[in-house]
Amino acid sequence: MKIAITGCNGSVGRRVVLWVLKEGHTVVGSDHAVAQDTNFYDNPAFSFHQVDLRDFDTTLKVFEGCDAIIQLAAFAQPMDYKVKVHNDNVVISWNVLRAAAELGIDRVALASSVNVLRGVFSTQPIFHYFPVDENHPCEPDEPYGLSKLIGETQADTIIRRYPSMRVASIRIHCFVPTRTRAYRMDYFRVRGDLWGYVQMDSAADAFLRAVTVEKEKVRWTGHETFFIAAPQLAADEDWLELKEKYFPNVPIKPGWVESGAKGFFDCSKAERLLGWVHTDYA
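I will try to describe carefully the structure that is included in this document. (Residues numbered from 1 in each chain as written. Predicted model: local features only at pLDDT ≥ 70, side-chain atom pairs only at ≥ 80, totals over all residues. Heavy atoms only, no water.)

Helix and strand content of the chain: eight helices and nine strands. The C-alpha atoms of the chain give a radius of gyration of 18 Å, which matches the 19 Å a tight globule of 282 residues would have. Seen through its principal axes, the chain has C-alpha atoms that stretch 50 × 40 × 35 Å. A burial count over the chain gives 54% of its 282 residues as buried. Sequence separation of 24 or more characterises 73% of the internal contacts of the chain that already satisfy a separation of 6 or more. Carbon and sulfur atoms form 50% of the exposed surface of the chain, whose accessible area is close to 12,900 Å². For the chain, the centre of its 31 positive side-chain charges and the centre of its 36 negative side-chain charges are spaced 1 Å apart. (Helix = DSSP H or I, 4+ residues; strand = E, 2+ residues; numbered from the N terminus. Rg over C-alpha atoms; globule rule 2.2 N^0.38 Å. Buried < 20%, exposed > 50% of the residue type's maximum accessible area, 1.4 Å probe, protein only. Contact = heavy atoms within 4.5 Å. Areas by Shrake-Rupley, 256 points an atom, 1.4 Å probe, with all protein chains shown as cover. Lys, Arg positive; Asp, Glu negative; His and termini not counted. Charge placed at Lys NZ, Arg CZ, Asp CG, Glu CD.)

Our next topic: the pattern of salt bridges. Overall, the coordinates contain 13 salt bridges when judged by the stated rule. The partner of Glu 23 in a salt bridge is Lys 22, with the nearest N and O atoms 2.6 Å apart. What makes Glu 23 partly exposed here is its relative accessible area of 42%. Among the salt bridges present, the one from Asp 88 reaches Lys 84, with a minimum N-O distance of 2.9 Å. Taken as a pair, Asp 88 and Lys 84 lie in helix α3 (residues 84–103) at a separation of four residues, close to a single helical turn. Residue class for Asp 88 comes out buried when judged on its relative accessible area of 13%. Lys 84 gets classed as partly exposed once you look at its relative accessible area, which sits at 42%. (Salt bridge = Lys/Arg side-chain N within 4 Å of Asp/Glu carboxyl O.)

It is worth spelling out the packing of helix α1 (residues 11–22) against helix α6 (residues 200–212) at this point. Between α1 and α6, the shortest axis-to-axis distance is 9 Å and the interhelical angle comes to 65°. Compared by their axis directions, α1 and α6 come out roughly perpendicular. For the crossing formed where α1 meets α6, the hand is right-handed. Across from Val 12, Arg 15, Val 16, Trp 19 and Val 20 in α1, the residues of α6 making contact are Met 200, Asp 201, Ala 204, Asp 205, Phe 207 and Leu 208. Tallied by class, the residues present in the contact of α1 with α6 amount to eight nonpolar, no polar and three charged. (Axes fitted to C-alpha atoms, helices over the stretch in contact; angles between N-to-C directions. Parallel < 35°, antiparallel > 145°, perpendicular 65-115°, else oblique. Left-handed = near helix turned anticlockwise from the far one by under 90°. Nonpolar A, V, L, I, M, F, W, Y, C, P; charged D, E, K, R; others polar.)

Our focus in this paragraph is the layout of surface pockets. Approximately 1,300 Å³ is the volume found for the largest pocket. Lining the largest pocket are 46 residues, and of these Ala 74, Phe 75, Ala 76, Gln 77 and Tyr 144 lie nearest its centre. Those elements that provide at least two residues to the lining of the largest pocket are α1, β2 (26–31), α3, β5 (107–113), α4 (143–161) and β7 (175–176). When residues in the lining of the largest pocket are grouped by element, the largest group, four residues, is from α3. Within the lining of the largest pocket, the residues separate by chemical class into 23 nonpolar, 14 polar and nine charged. (1 Å grid on protein atoms, 1.4 Å probe; cavity = no way out; pocket = protein on both sides within 12 Å on 5 of 7 lines; lining within 4 Å. Points joined across faces, edges and corners; volume = space filled by probe spheres on them.)

This part takes up unusual backbone geometry. Leaving glycine out, the prevailing phi sign among residues is negative, and the prevailing peptide bond configuration is trans. Of the consecutive residues Phe 130 and Pro 131, the connecting peptide bond is found in the cis state with omega at -5°. The phi torsion at Met 79 lies on the positive side, around 55°, for a residue other than glycine. Among the secondary structure elements, Met 79 is positioned in the loop between β4 (68–71) and α3. In this structure, Trp 195 is a non-glycine residue whose phi angle is positive, near 55°. Take Trp 195: it is sitting in the loop between α5 (179–182) and β8 (198–199).

Moving on to the sheet that holds β4. Strand pairing in a sheet relies on backbone hydrogen bonds. The paired strands run either parallel or antiparallel. If you walk across this open sheet you meet the seven strands as β3-β2-β1-β4-β5-β6-β9, and the pairing is parallel. Bordering the open sheet on either side are β3 (46–50) and β9 (222–228), each of which pairs with just one other strand. Neighbour-to-neighbour, the strand axes of this sheet turn through a mean angle of 20°, independent of strand direction. Inspection of the sheet shows β5 paired to strand β6 (residues 166–172) by seven bridges, in the parallel sense. When the bridges of β6 are listed, Ser 112 appears paired with Arg 171. In the packing of α3 onto the sheet, the strands contacted are β4, β5 and β6, and the crossing angle to β4 comes to about 175°. (Pairing = 2+ DSSP bridges.)

Bear in mind that shape data such as this cannot, by itself, settle questions of function.
Structure, rendered in structure tokens:
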């Protein structure tokens, strides 16, 4: 497949490009700036376009001839918690989706985030139950999480008008090369992240599966959200001990503990619909 990857020079983008190339696909990469330290610019299966995806006509042009899009271009944190992160992210995600519809590209994966929840960037993390799954309420109180939630709403909107499209919002967790890199000394400070992470190549695998899995092999169309996180924690304590210490009043869904599952996220939907299971590749 010929797959467009936006934000290809970012930390997530680079790993996704490498993974997609490794799997034998052609990549059309785009970013707002040229990178001098990548190891895929010389790959004959890769082409690069320096573009501003906030401009719709430019976005439309760069996707011409592509079979699928993996949209990673965005600010990855709230920064000053004011307007730029929200405004740029929301414009880019809509331009990507609308360009895909215009060009008849019916396979799109959007980089969403676990921060559609009221998590680590919020004034106070709030969870309604554990494990968190795709039915959990999304209540961000900051511009980054809001921009990702709006991106998901945009996906819901576009598929109503273009029902042949299939859009996956990939809610990735802390994106790291190894579990060790995700460890933080201050457990209280990172409690909003639920001490989670995703190994970077495993996350890249989820993005690729979202646009390559055949419709005949899965029973989903339209737009779906997926939490993408490791089942184990970047912490030495047992997850139940952390839960009792930091979230004692949050209920646990019946059957979760009894099943032997561990952790604060239920990623079974990604396994069921994408065939994705977290793997620590490094």
